[in-house]
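This is what each chain is made of:
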Amino acid sequence: MKFDFRSTAQMLRFDEKADRVVPPTGFTARLTLFSAFAMAFLAVFALALSMAAGRVAERWGEELAQSSTLRISAPAGEVAAQTDAALRVLRTTPGIIDARALTLEEQRALLAPWFGDDLPIDDLPLPQLIDISETEDGFDAAGLRLRLAAEAPGAVLDDHARWRQPLIEAATRLRVLGWASILLITAATAAMVTLAANAALAANAQVIAVLRLVGAKDTYIASAFVRRFALRALTGGAFGTLTGIIALFVIPSSSDAAGFLTGLTIQGVGWVWVVLIPPLTGLVALIATRFAAGRVLEELA
Amino acid sequence: MCCLGRIETGTMLRHNSAERGGRGKTTVIELENVAYSYGGGELLTDITLTVQPGSFHFLTGPSGSGKTTFLKLCYGALQATSGHVRLFNRDVRGLGRDDVAVLRRKVGVVHQDCQFLDHLPVEENVALPLAVSGQDAGGDDANLKELLAWVGLTARADALPPELSGGERQRAALARAVIMSPEVILADEPTGNIDWEMSQRLLTLLVELNRMGKTILVATHDLGLIRAAKAQVQTRVLRISNRRLQTAGADL
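Keep in mind the model is a prediction, meaning the values are calculated, not measured.

A. Representation of the overall build of chain A. In terms of helices and strands, chain A carries 10 helices and 4 strands. Shown N-terminal to C-terminal, the secondary structure of chain A runs as helices and strands in the order α-α-α-β-α-β-α-β-α-β-α-α-α-α. Residue burial in chain A is summarised as follows: out of 301 residues, 43% are buried. Long-range contacts, defined as pairs at least 24 residues apart, comprise 85% of the intrachain contacts of chain A with a sequence gap of at least 6. When the accessible area of chain A is evaluated, it comes to approximately 16,100 Å², of which 65% is carbon and sulfur surface.

Right under this line is the structure:
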């Protein structure tokens, strides 16, 4: 049986009599409903994961791209002088909006997560950190390094590129993985529905024989099965999506400490994709059943 | 004028008379040098037959001789290995499955095992050909009831097929076979599972249909049924023997 969208769309037309020719089958009905429910539930999470990863990649890209750090590692007596020299160089460098030396308190706050609040920072030979804010176009890092080498030999410029890029790549790949999961979920849904449809069609070989005996076309026979499976998948998909949304709301709200994990939410246009999950589940079931029916009817001919 | 399903008796009788007078112009079923093989062996060979409108044929032969296969070839359920099968002057070989399905609506089939949709009541099973052909059964309610009355199943209209006796199943199958007012009715051992009295009732219905102008082809090994039919209507008896079709002798 050739697949064409027009005849497949016509199969969705409600026909009470045609729907009654196929006896209700509990096993395949439950299998389709459960598969659609589980897959829609997982799709909501995969979608949320993909979107959260996308947001993280975007945030890291935007926030870290326009900032750099300068570290002054010099003997204790020269730190202040080299810091002042470095600040002078930085403030006269095109592409730098602002350069500010971090206070001891700020440096303590940065170290606190690793060493605790009671770190005797005054006694440690810590390097002085300078926070640099850039323009959108940024600055010439190579040229700046040369100038700093002359004015403040203990200065090491970190433009974040070294560790920002792998993070962005990781987040981007996570997003791709999220979408790949959705594709796998779609394929798994199609496979499960195909199995259920095959089982239903095989169990109803006698019904198909009777329908053919009285002059039913293959399209008529297939449509009775296609409508039934599409409707079941739509119903299961709707409940699965709803349950997935509720589960997302149950996850604790975002906080800096928990970071990425608590950012697993749907925002903005993401809701359009979520709303599309049930009808897409129904569509996948429709196409899968159409192909399964075509193959089985061909075999039974 | 009596109506049975979509059969209008008066009209069909006139049609029948006209066809009988003008045979040879159109044929209902035509087999030309047909052979059919299955599992490496030839089941039927060199079968040539022309079934004229309004005729009444019996097909006999021992069990396993190929009577059911012959009937299936006649309504397009099987494709001949070689030769040509023409249904209403259309070669079945060149038709797609949907075209065969449409042609099959002009052929009513009654099987020995009377296949039904067991989850639907008799009434809906009888009306099934209307439903699958997309025809509005609403306007046919009266005809449907009349058809059920004709086969004596009015009281069993709401029963499920498994609740019917053998004879009732055969009559329900006949009602389903004629509801689309087909031009030809093929019956495969219709009296195989029923007693003599019930087979006589069924024969009466078939003879009545033939008198309305319907072409009847019955595969049976029930010689009593054939003799009873010959007493009521002009019939032609064919026999399948040694894979070939022969005209049966005068003893039948």
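There's more to say after this.
B. A look at the packing of helix α7 (residues 166–178) of chain B against helix α8 (residues 196–211) of chain B. Residue and element names in this part refer to chain B. The geometry of α7 relative to α8 is characterised by a closest axis approach of 10 Å and an angle of 10° between their N-to-C directions. The angle between the axes of α7 and α8 places the two elements in the roughly parallel class. Every residue of α8 that contacts α7 at Gly167, Gln170, Arg171, Leu174 and Val178 is listed here: Met198, Arg201, Leu202, Leu205, Leu206 and Leu209. Residues of the contact of α7 with α8, tallied by class, amount to 7 nonpolar, 2 polar and 2 charged.

C. Layout of helix α3 (residues 97–104) of chain B. Taken as a whole, α3(B) has its buried residues at B:Val100, B:Ala101, B:Leu103 and B:Arg104. The buried side chains of α3(B) occupy one side of the element, clustering within an arc of 165° when seen end-on. Buried residues belonging to α3(B) abut α8 (205–213) of chain A together with β6 (82–87), β7 (90–91) and β8 (107–110) of chain B.

D. View of the packing of aromatic side chains. Residue and element names in this part refer to chain A. Going through the model one piece at a time under the given rule, you end up with 4 aromatic pairs over all chains. Plain terms: the ring middles of Trp179 and Trp273 are 5.3 Å apart, the flat faces sit at 70° to each other, and that makes the pair edge-to-face. In this pair, Trp179 is assigned in helix α7 (residues 161–203) and Trp273 in helix α10 (residues 270–300), connecting sequence segments 94 residues apart. With relative accessibility at 32%, the residue Trp179 sits in the partly exposed group.

E. Just the interface of chain B and chain A, in detail. In this complex, chain B contributes 22 residues to the contact, which on the side of chain A involves 21 residues. Interface of chain B and chain A: buried area, both sides summed, is about 1,900 Å²; carbon and sulfur atoms make up 59% of it. In terms of surface lost to chain A, no three residues of chain B exceed B:Arg97, B:Gln115 and B:Val132, which account for 31% of the buried area on that side. On inspection of chain B and its partner chain A, the count reaches 3 salt bridges. As a salt-bridge pair, B:Arg97 and A:Asp218 come within 2.5 Å of each other at their nearest N and O atoms. Here chain B and chain A share 8 residue pairs in polar contact (both at pLDDT 80 or more) between them. For the side of chain B that touches chain A, the elements supplying multiple residues, two or more each, are α3 and α5 (128–132) of chain B. Here the residues of the side of chain B that touches chain A are counted per class, giving 13 nonpolar, 3 polar and 6 charged.

Cut-off values and rules
Residues numbered from 1 in each chain as written. Chains lettered and ligands numbered in written order. Predicted model: local features only at pLDDT ≥ 70, side-chain atom pairs only at ≥ 80, totals over all residues. Heavy atoms only, no water. Helix = DSSP H or I, 4+ residues; strand = E, 2+ residues; numbered from the N terminus. Buried < 20%, exposed > 50% of the residue type's maximum accessible area, 1.4 Å probe, protein only. Contact = heavy atoms within 4.5 Å. Areas by Shrake-Rupley, 256 points an atom, 1.4 Å probe, with all protein chains shown as cover. Axes fitted to C-alpha atoms, helices over the stretch in contact; angles between N-to-C directions. Parallel < 35°, antiparallel > 145°, perpendicular 65-115°, else oblique. Nonpolar A, V, L, I, M, F, W, Y, C, P; charged D, E, K, R; others polar. Arc of directions from axis to C-beta. Phe/Tyr/Trp six-rings, centres within 6.5 Å; stacked < 30°, edge-to-face > 60°. Buried area = accessible area lost by both parts, 1.4 Å probe. Salt bridge = Lys/Arg side-chain N within 4 Å of Asp/Glu carboxyl O. Polar contact = N/O pair within 3.5 Å; in protein donor to acceptor, adjacent residues only side chain to side chain.

Honestly, that's just the spatial picture; any functional story needs more than this.
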